[in-house]
Amino acid sequence: MPNQQFDAIVIGSGISGGWAAKELCEKGLKTLVIEKGRLVTHIKDYPTANKDAWELDYHGGLTQEEAKRFPVQTRSGFVGGDNKHFFTDDLDNPYIEEKRFDWIRGNQTGGRSLIWGRHCYRWSDLDFTANAKEGIAIDWPIRYKEIEPWYTYVEKFVGISGEKLGLDHLPDGYFLPPIELNCIENHLKKEVESRFKGRHVTSGRVAHLTEPQPWHLELGRGKCMNRNRCGRGCPFGAYFSSNSATIPAAKKTDNLTIKSDAIVHSIIYDETKNKASGVRVIDSITMEVTEYVASIIFCCASTLATAQILLNSVSSQHPDGLGNESGELGHNLMDHHYRCGAKGDHEGYADEYYKGRKPTGLFIPRFVNLDEKTKNKNFLRGYDYQGTGGARSNWSRGINDPGIGAEFKESLFKPGGWGLGLMGFGECLPNHENYVRLDKEKKDKWGMPLLVINSGFGENEMKMREQMKSDAAEMLNIAGFKNIQIFDEIGGMGVGVHEMGTARMGKDPKTSVLNAHNQLHGIPNIFVTDGSCMTSSSCVNPSITYMALTARAVDFAVKELNKQNL
Ligand SMILES: Cc1cc2nc3c(=O)[nH]c(=O)nc-3n(C[C@H](O)[C@H](O)[C@H](O)COP(=O)(O)OP(=O)(O)OC[C@H]3O[C@@H](n4cnc5c(N)ncnc54)[C@H](O)[C@@H]3O)c2cc1C
Ligand code: SF4
């Protein structure tokens, strides 16, 4: 069955799967990427990318019939008429919420790389050592110095705009020029940095090509035009996605095969060799089941889907799922808690104005619990802020203002009326009691057992939120903002879209699922490099760390393969 045999299989084509595919292909391995969702071809399949607001059906809203298909994806406000084609149909893809969990998914070529917010921040040893220092969960098996070169490696390829700050706890990287702050954001920067020692306000570090390098241009990627329509797919390839970057790079090698509409049901375990021999796949259109064979398997289906596949890969040796000897598979689910902070209006800068849009705002790195001086006795770990400032009090230059006609239009061109909002992103502690499991009876229409999610935020996160709100309000107050309003809309876990931790890395096979190379303890040819591998959650956005860990794991896997250790 030569057309079903490959050197490597990658499950999922999202951020981590795209990286696994690129690296494996570039190292010469014939690689099959198996993707649950439909084929989305770069540019061709971005149907709304060039539409203006008035060209979208139903003013960019969903019809009631459409909204019925997205009960989860819509309840936290992620889906609109302009991007609905990149979100998962909840009715076809059910799961069971024992506690509210908003599982935000994008099943298609590129996964959620098409719809992500593109913020990229390195983790540091503040993050990698926190569990060990505080006696929480288990220690990470790696430290910053082991991942540092891999951050640089992926950042160069991705293209990240940002400003160097020289902070130990938010290490600088390989950056393209930052996206400029506007006058109200610069105002906050000046006030906060002069009034609060150790606090910084900088531009969001985002995966946008502000100054494309030759290797970006070679892939057909271009400079960011600040159109701010990124969630619809970017025809310039100016923000990083699997579709614009890693998949084209993998394709150039002629080693890549992508199978879309193909659901990995389980990994096949060969007990004679104590290895995975391949994967069992259901064609989502024909329901045909096919087995694909390979020497190494990279699980990159995203934190919850990877847990689902591993838990579903049962055999007499592994009755509770592959790699579950520790009993930790599916446990320790984390997500960032956010959507709390403060916003306010500013009466200054009445003569200032700006033209156009920009795809990111400001970022305030973590400033609590860095050391004894910044210690907060009420909670462990910390938070950062993402924020946006803009003209008019709703910061959107009239997009959401009621009004019509020439007079209204003229009013939008008048300077003055500034507003700014700060939204905190907080770290979530790992907790064995936050878990997913498979329902023993219920299956989806393709025969996958439904995932049951039982997970929620704890006391530490709730105490932290109080400080996140009051610090945001204090900074705005000191910077002269008026009409300051505190907001707090925690929703459920999952709303943070940074789910992590269901197959954590660790030193000890008795307490962890993966080793320091993202390799399943005990089954050396299975690697898990999506968010499920995370042992703690930091407070910064995680995807650049998945990319770095994926590239590092592929490097290790191919060396091991060449030594015939796999
Ligand atoms: C609105 C939004 C904003 C975000 N903003 C940021 C941000 O600013 N910064 C950041 O770091 N992160 C952000 N994220 C999170 C980021 O998108 C994820 O961390 C990242 O995409 C995870 O990569 P992944 O490869 O693990 O999963 P995904 O990108 O979700 O890809 C997983 C792929 O696996 C496929 N798959 C699933 N199950 C199977 C199966 N059984 N068989 C075959 N294929 C399967 C899926 O269809 C999908 O294509 C955001 C997410 C959203 C939704
Ligand atoms: S803002 Fe930049 S990345 Fe986003 S759609 Fe526009 S050109 Fe593309």
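Calculation criteria
Residues numbered from 1 in each chain as written. Chains lettered and ligands numbered in written order. Predicted model: local features only at pLDDT ≥ 70, side-chain atom pairs only at ≥ 80, totals over all residues. Heavy atoms only, no water. Buried < 20%, exposed > 50% of the residue type's maximum accessible area, 1.4 Å probe, protein only. Helix = DSSP H or I, 4+ residues; strand = E, 2+ residues; numbered from the N terminus. Pairing = 2+ DSSP bridges. Axes fitted to C-alpha atoms, helices over the stretch in contact; angles between N-to-C directions. Parallel < 35°, antiparallel > 145°, perpendicular 65-115°, else oblique. Contact = heavy atoms within 4.5 Å. Nonpolar A, V, L, I, M, F, W, Y, C, P; charged D, E, K, R; others polar. Expected span 1.5 Å × (residues − 1). Polar contact = N/O pair within 3.5 Å; in protein donor to acceptor, adjacent residues only side chain to side chain. Near = heavy atom within 4 Å. Areas by Shrake-Rupley, 256 points an atom, 1.4 Å probe, with all protein chains shown as cover.

Draft legend 1. Molecular detail of the pairing of strand β17 (residues 449-454). For β17, a buried count of six out of six residues is recorded, marking the element as mostly surrounded by other parts of the structure. Across two bridges, the pairing between strand β3 (residues 96-97) and β17 is parallel. Following the sheet pairing, I96 is matched in β17 by V452. Here strand β16 (residues 435-443) pairs with β17 via five bridges, running antiparallel. What sits directly across from V436, in β17, is I453. Hairpin geometry of β16 and β17 is characterised by an intervening segment of five residues between the two adjacent antiparallel strands and by a positive phi of about 100° at G447.

Draft legend 2. View of the packing of helix α6 (residues 144-158) against helix α13 (residues 543-562). Interaxial distance between α6 and α13 falls to 8 Å at its minimum, and their mutual angle equals 110°. It follows that α6 is roughly perpendicular to α13 by the angle criterion. Between α6, through E146, I147, W150, Y151, Y153, V154, E155 and V158, and α13, the contact on the second element is made entirely by I544, T545, M547, A548, L549, A551, R552 and D555. Looking at the contact of α6 with α13 residue by residue, the classes come out as 11 nonpolar, one polar and four charged.

Draft legend 3. The sheet that holds strand β18 (residues 482-488), seen in detail. Pairing is antiparallel in the open sheet, where six strands are placed in the order β6-β13-β14-β15-β12-β18. Two strands lie at the open edges of the sheet, namely β6 (202-203) and β18, each paired on one side alone. Looking at chain direction, β6 and strand β13 (residues 362-364) are connected through two bridges and run antiparallel. Paired with S203 across the two strands is L362, which belongs to β13.

Draft legend 4. Quick peek at α13. The end-to-end C-alpha separation of α13 is 29 Å, in line with the 28 Å expected for 20 residues at 1.5 Å each. Burial analysis of α13 places 18 of its 20 residues in the buried class, which makes it a mostly covered element.

Draft legend 5. Main features of the sheet that holds β3. Ordered in space as β3-β17-β16, the three strands form an open sheet in which the pairing is mixed. Both edges of this open sheet fall to β3 and β16, since each of them pairs with a single strand only. Packed onto the sheet, helix α10 (residues 303-311) meets β16 and β17 and runs at close to 60° relative to β16.

Draft legend 6. Molecular detail of the side chain of T545. Mapped onto the elements of the fold, T545 is located in helix α13. According to the relative accessible area criterion, T545 is buried, its value standing at 0%. In this structure the side chain of T545 is engaged in a polar contact, spanning 2.7 Å, whose partner is the side chain of Y151. With residues near it in sequence (within four places) discarded, T545 still touches Y121, W123, I147, Y151 and M534.

Draft legend 7. The environment of F175, seen in detail. As for its placement among the helices and strands, F175 is situated in strand β5 (residues 175-176). Once the C-alpha coordinates of F175 and R69 are considered, the two residues, 106 residues apart in sequence, prove to be 40 Å apart. Apart from the residues within four sequence positions on either side, F175 is in contact with I160, G162, E163, K164 and R205.

Draft legend 8. Focus on the pairing of strand β9 (residues 275-283). Direction of pairing for strand β8 (residues 262-270) relative to β9: antiparallel, over a ladder of eight bridges. Bridged to S266 within β9 is R280. In this sheet, strand β10 (residues 289-293) lies alongside β9 in antiparallel orientation, the contact comprising five bridges. In the sheet register, R280 faces β10, and the bridge partner there is E291. Hairpin geometry of β9 and β10 is characterised by an intervening segment of five residues between the two adjacent antiparallel strands and by a positive phi of about 70° at M287.

Draft legend 9. Expanded view of the site of ligand 1. Taken together, 37 residues surround ligand 1, and among them S16, E35, N107, R112 and G117 come closest. Contacts to ligand 1 include R112, whose side-chain N or O atom sits 2.8 Å from an oxygen atom. Within the backbone of H119, an N or O atom sits 3.0 Å from an oxygen atom of ligand 1. Protein contacts shield 94% of the accessible area of ligand 1, which totals 990 Å² for the unbound molecule. For the shell around ligand 1, the secondary-structure elements that each account for two or more residues are α1 (15-26), β8, α10 and α13. For the shell around ligand 1, a count of residues per class yields 17 nonpolar, 15 polar and five charged.

Draft legend 10. Representation of the site of ligand 2 in the model. Lining the immediate environment of ligand 2, one finds 13 residues, of which C224, M225, N228, C230 and C234 sit closest. For the shell around ligand 2, the class distribution of residues is eight nonpolar, three polar and two charged.

Draft legend 11. Expanded view of the environment of K445. With respect to the helices and strands, the residue K445 is situated in the loop between β16 and β17. Overall, K445 belongs to the exposed group, its relative accessible area being 52%. Sequence-distant contacts of K445, defined by excluding residues within four places in its chain, comprise D92 and M287. Side-chain polar atoms of K445 contact the side chain of D92, separated by 3.3 Å.

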